[in-house]
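Listed below, chain by chain, are the residues.
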Amino acid sequence: MTIYSKIIGTGRYLPEKILTNKDLEKIVDTNDQWIQERTGIKQRHIAADGQYTSDLAYNASIKALEAADIQASDLDMIIVGTTTPDLIFPSTACLLQSKLGCPGIGAFDVNAACSGFIYALSVADKYIKSGSHKRILVVGAETLTRIVNWEDRTTAVLFGDGAGAVVLEASKEQGILSTHIHANGDHADLLTTNKGPSRGMDDSQTGPIAIMMKGNAVFKVAVKTLGSIVDETLEHNNLEKSDIDWLVPHQANLRIITATARKLKMDMNQVIVTVDQTGNTSAASVPMALDYGIRSGKIKKGQTVLLEAFGGGFTWGSALLKL
Ligand code: ACO
């Protein structure tokens, strides 16, 4: 008998504070029209002082557990996709585990930048399919605005904070049909940070830690790569484009999302779009968009959903699932 991992609950959390494009006009040389035309972003949420990635993850996880109607003590693993952990160690997953009060179970982070949630989901899916685990909490959580250079208009306007979570459970019913993950470290310099623990964190040399991105080059690779991951996923499952009910893409840029939807011959009303409200929240983007799609009543039980993401590394991946 095939064991599937099925999503039995989702949740998301966005910090209260909102930074609009108009607010950004006062911080850097930019304007609302440029940001909306080039990215589709209208606003992003900013974590409060003293609010960390594990706090956002906790709030999203509580909602996912409630939706799944289970307790944290029912979980047997926690995986967090994040590129902005609270600390270098302990992992954000360990800090989250402590907040949830379920000691003892395995808990670890996955860093695959914006593809972090898809990577984490793919690991969780394999654990459940192997029969060793029954209920895994998979989270994407980020406080990316903490590593933004607010003087660099080419990146400051793009990113936001947030967290999304799903509970996966072993099931006889179809759930996750397949996951696909890829990376190419040759393009590391196109999307990276200016420093890190091993290379040195001395602020006097290079200023505070900050995201550095050659946006235009990343854009071109992202559009091409997301097209090929869609083809790979459909071929693997012997499905046609028309078999997909919903596309839940990584929310980096509306133009990338539109290009991927066009490639799938999908109408935009079959695509979940939240980038206008959240900006790019990296690993949090796909699970937050999925939760929005489900809670808004757009995505319905039994439908076929394609998740996809592309991010720093480069990393990219997809998951095809029946809800
Ligand atoms: N406001 C006003 N003007 C700006 C701004 C801004 N915020 N930022 C850049 N510009 C200017 C540039 O200086 C440039 O001016 P010039 O023509 O006089 O030189 C002009 O706008 C065009 O700049 P481009 O970089 O070519 O703009 P582009 O259309 O490529 O849009 C963007 C930039 C939005 C970053 C886009 O390239 C993009 O979305 N890239 C992909 C991002 C992505 O998907 N990242 C992956 C995930 S992120 C992760 O993994 C952490």
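Please refer to the structure placed before this passage.
Not measured: the values here are computed from a predicted model.

Draft legend 1. Just the packing of helix 3 (residues 53-68) against helix 4 (residues 92-100), in detail. Packing of helix 3 against helix 4 brings their axes to within 9 Å, and their N-to-C directions diverge by 55°. Considered as vectors, helix 3 and helix 4 are oriented oblique to each other. Handedness of the crossing formed by helix 3 with helix 4: right-handed. Taking contact as the criterion, the partners of Thr53, Ser54, Asp55, Ala57, Tyr58, Ser61, Ile62 and Leu65 in helix 3 are, on helix 4, Thr92, Leu95, Leu96, Lys99 and Leu100. Residues of the contact of helix 3 with helix 4, tallied by class, amount to seven nonpolar, four polar and two charged.

Draft legend 2. Representation of the pattern of salt bridges within the structure. Evaluation of the coordinates by the stated rule reveals ten salt bridges. For the salt bridge of Asp291 with Arg12, the shortest nitrogen-to-oxygen distance reads 2.7 Å. Of this pair, Asp291 sits in helix 11 (residues 285-295) while Arg12 sits in strand 1 (residues 4-13); the two residues are 279 residues apart in sequence, bridging distant segments of the chain. Judged by relative accessible area, Asp291 falls into the buried class, the value being 1%. Lys99 is paired through a salt bridge with Asp55; the nearest N and O atoms lie 2.7 Å apart. In this pair, Lys99 is assigned in helix 4 and Asp55 in helix 3, connecting sequence segments 44 residues apart. The structure contains a network of salt bridges with shared partners spanning Arg12, Asp291 and Arg295.

Draft legend 3. View of the packing of aromatic side chains. Enumeration over the complete set of coordinates arrives at two aromatic pairs. With a centroid separation of 4.9 Å and an interplanar angle of 45°, the aromatic rings of Phe310 and Phe314 are classed as tilted. Here the aromatic cluster, defined as three or more aromatic residues joined through ring pairs, consists of Phe310, Phe314 and Trp316.

Draft legend 4. Fine view of the site of the ligand. In the vicinity of the ligand there are 26 residues, among which Thr30, Arg38, Cys114, Asn216 and Asn253 approach most closely. A distance of 2.9 Å separates a nitrogen atom of the ligand from a polar backbone atom of Arg153. Counting only elements with at least two residues in the shell around the ligand, the list comes to helix 2 (32-39), helix 6 (153-156), helix 8 (215-236), helix 9 (254-263) and strand 12 (304-311). Per element, the largest residue contribution to the shell around the ligand is four residues, and it comes from helix 8.

Draft legend 5. Structural view of the sheet that holds strand 5 (residues 106-110). Strands sit in the order 1-7-6-4-5 across an open sheet of five strands; the sheet is mixed. Whereas interior strands pair on both sides, the edge strands pair on one side only; in this sheet they are strand 1 and strand 5. Neighbour-to-neighbour, the strand axes of the sheet open up by a mean angle of 20°, direction not taken into account. Pairing geometry for strand 6 (residues 135-143) and strand 7 (residues 161-171), over nine bridges, is antiparallel. Across the sheet, the residue bridging to Val139 is Ala165, located in strand 7. On top of the sheet, helix 4 reaches strand 4 (77-81), strand 5 and strand 6; it is set at about 130° to strand 4, its chief contact.

Procedures and definitions
Residues numbered from 1 in each chain as written. Predicted model: local features only at pLDDT ≥ 70, side-chain atom pairs only at ≥ 80, totals over all residues. Heavy atoms only, no water. Axes fitted to C-alpha atoms, helices over the stretch in contact; angles between N-to-C directions. Helix = DSSP H or I, 4+ residues; strand = E, 2+ residues; numbered from the N terminus. Parallel < 35°, antiparallel > 145°, perpendicular 65-115°, else oblique. Left-handed = near helix turned anticlockwise from the far one by under 90°. Contact = heavy atoms within 4.5 Å. Nonpolar A, V, L, I, M, F, W, Y, C, P; charged D, E, K, R; others polar. Salt bridge = Lys/Arg side-chain N within 4 Å of Asp/Glu carboxyl O. Buried < 20%, exposed > 50% of the residue type's maximum accessible area, 1.4 Å probe, protein only. Phe/Tyr/Trp six-rings, centres within 6.5 Å; stacked < 30°, edge-to-face > 60°. Near = heavy atom within 4 Å. Polar contact = N/O pair within 3.5 Å; in protein donor to acceptor, adjacent residues only side chain to side chain. Pairing = 2+ DSSP bridges.

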